[in-house]
There are 2 protein chains.
Amino acid sequence: MEKMNLCPKFETAFQLLGKRWNGLILRVLFQGPVRFRDISANIPSMSDKMLVDRLKELEIAGLVQRTVFPETPVRIEYQLTDKGKALEPALDEVQAWAEQWME
Amino acid sequence: MEKMNLCPKFETAFQLLGKRWNGLILRVLFQGPVRFRDISANIPSMSDKMLVDRLKELEIAGLVQRTVFPETPVRIEYQLTDKGKALEPALDEVQAWAEQWME
DNA sequence: GTTTGTTGCTTACCTTTAGTAAGTATATTA
DNA sequence: TAATATACTTACTAAAGGTAAGCAACAAAC
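Predicted model, so just to flag it, every value in this text is computed and none were measured. (Residues numbered from 1 in each chain as written. Chains lettered and ligands numbered in written order. Predicted model: local features only at pLDDT ≥ 70, side-chain atom pairs only at ≥ 80, totals over all residues. Heavy atoms only, no water.)

I would appreciate a short explanation of helix α2 (residues 22-29) of chain A in the present structure.
In an α-helix there are 3.6 residues to a turn, and that puts residues three or four apart on one side. Judged by how many residues are buried, α2(A) sits mostly within the fold: 8 of 8 residues are covered. Within α2(A) the residues assigned to the buried category are Asn22(A), Gly23(A), Leu24(A), Ile25(A), Leu26(A), Arg27(A), Val28(A) and Leu29(A). (Buried < 20%, exposed > 50% of the residue type's maximum accessible area, 1.4 Å probe, protein only. Helix = DSSP H or I, 4+ residues; strand = E, 2+ residues; numbered from the N terminus.)

Written as structure tokens, this is what we have:
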């Protein structure tokens, strides 16, 4: 078989996107800036702890920006960066595949 | 925030695609029928055990077909089903994103 | 006729990650 | 005073991932 050149970018990307919950979290974020409870309400099977962990990872990876509004109670908004927004076509393709082929 | 309808197909799809190694394995399978060692040689950081586990899952999910040729030593070929092949546009989009935005 | 090689796995073991349930700090409302 | 809300933490257990070795079936080499 022909030896293909390994693509570390693709591998890294898939380890990020492929990590459980990240696809679903990103899909919620495509709606625009949202708050912690908005995300968790849309993904009821995910625990708060997982959401905290994933949002931190996505922020470090540069896909998500976190903004604090020092009101009471505190309001925190999560929104996609340009890098995060650029993922929309890819996730749309996954969704199209899921609708056609799953079940 | 507007309540979005949960999409279990999308969730299931992403739990499958998002699971570690699956994206990379599928990318190798897009080349055509391949053998166990072809895949493992292309993904050197993955252990045999993980590859066995993932190929079984992908077969059960209907994305991969396994064919045994009873030669000596035995030859086993893995290839994508139509459902598996239909994923190519989605993975291409992920790859395009990775090349533009990673690092 | 015992060793070596090849293939596609298993098995045992240990570590890392995921998941569950409860709790925290801050402040407003009843 | 107690309840409510937000966005997390913490402690714990279960599940998944990762490592290294071994296995069964032959064939060919020595």
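Okay, back to it.
Please clarify how the sheet that holds strand β1 (residues 34-35) of chain B should be interpreted in this entry.
In sheet architecture, strand pairing relies on hydrogen bonds along the backbone and comes in two forms, parallel and antiparallel. Residues and elements named next belong to chain B. On the basis of which strands lie adjacent, the open sheet formed by 3 strands has the order β1-β3-β2 and antiparallel pairing. The two strands at the open ends of the sheet, each matched to only one other strand, are β1 and β2 (64-69). Relative to strand β3 (residues 75-80), β2 runs antiparallel, the two sharing 6 bridges. Paired with Arg66 across the two strands is Tyr78, which belongs to β3. With respect to the sheet, helix α2 (residues 22-29) is in contact with β1, β2 and β3, its orientation differing from that of β3 by roughly 100 degrees. (Pairing = 2+ DSSP bridges. Contact = heavy atoms within 4.5 Å. Axes fitted to C-alpha atoms, helices over the stretch in contact; angles between N-to-C directions.)

Mind showing me how you'd approach the confidence of the model for chain A here?
Residues shown with low pLDDT carry predicted positions that ought not to be read at fine detail. All names here are of chain A. On average, chain A scores 86 in pLDDT, and the residues at 70 or more come to 93%. Least confident of the elements in chain A is helix α1 (residues 8-17), whose mean pLDDT is 78; most confident is helix α5 (residues 82-85), at 96. Here residues 1-5 is a poorly scored stretch, pLDDT under 50, and it has 12 contacts once near neighbours within four places are set aside; other chains count. (pLDDT = per-residue confidence, 0-100.)

What is the right way to read the packing of aromatic side chains from this model?
Each aromatic ring pair is described using two quantities: the centre-to-centre distance and the angle formed by the ring planes. Using the criterion set out here, one finds 0 aromatic pairs over all chains in the structure. One cation-aromatic arrangement involves Arg75(A) over Phe69(A); the distance from NZ or CZ to the ring centre is 4.0 Å. (Phe/Tyr/Trp six-rings, centres within 6.5 Å; stacked < 30°, edge-to-face > 60°. Lys NZ or Arg CZ within 6 Å of the ring centre and 35° of its normal.)

Even after reading the chapter, I still don't get the protein's contact with DNA strand D, so can you show me in this structure?
Lining the immediate environment of DNA strand D, one finds 20 residues, of which Arg66(A), Tyr78(A), Arg20(B), Lys49(B) and Arg54(B) sit closest. Side-chain polar atom of Arg37(A) to a base nitrogen of DNA strand D: 3.3 Å apart, as the coordinates give it. Contacts to DNA strand D include Asp48(A), whose side-chain N or O atom sits 3.0 Å from a base nitrogen. Within the residue set of the surface near DNA strand D, elements represented by two or more residues are α3 (36-42), α4 (48-60) and β3 (75-80) of chain A together with α4 (48-60) of chain B. Among the elements that make up the surface near DNA strand D, the one with the highest residue count is α4(A) (4 residues). Considering only residue class, the surface near DNA strand D consists of 8 nonpolar, 2 polar and 10 charged. (Near = heavy atom within 4 Å. Polar contact = N/O pair within 3.5 Å; in protein donor to acceptor, adjacent residues only side chain to side chain. Nonpolar A, V, L, I, M, F, W, Y, C, P; charged D, E, K, R; others polar.)

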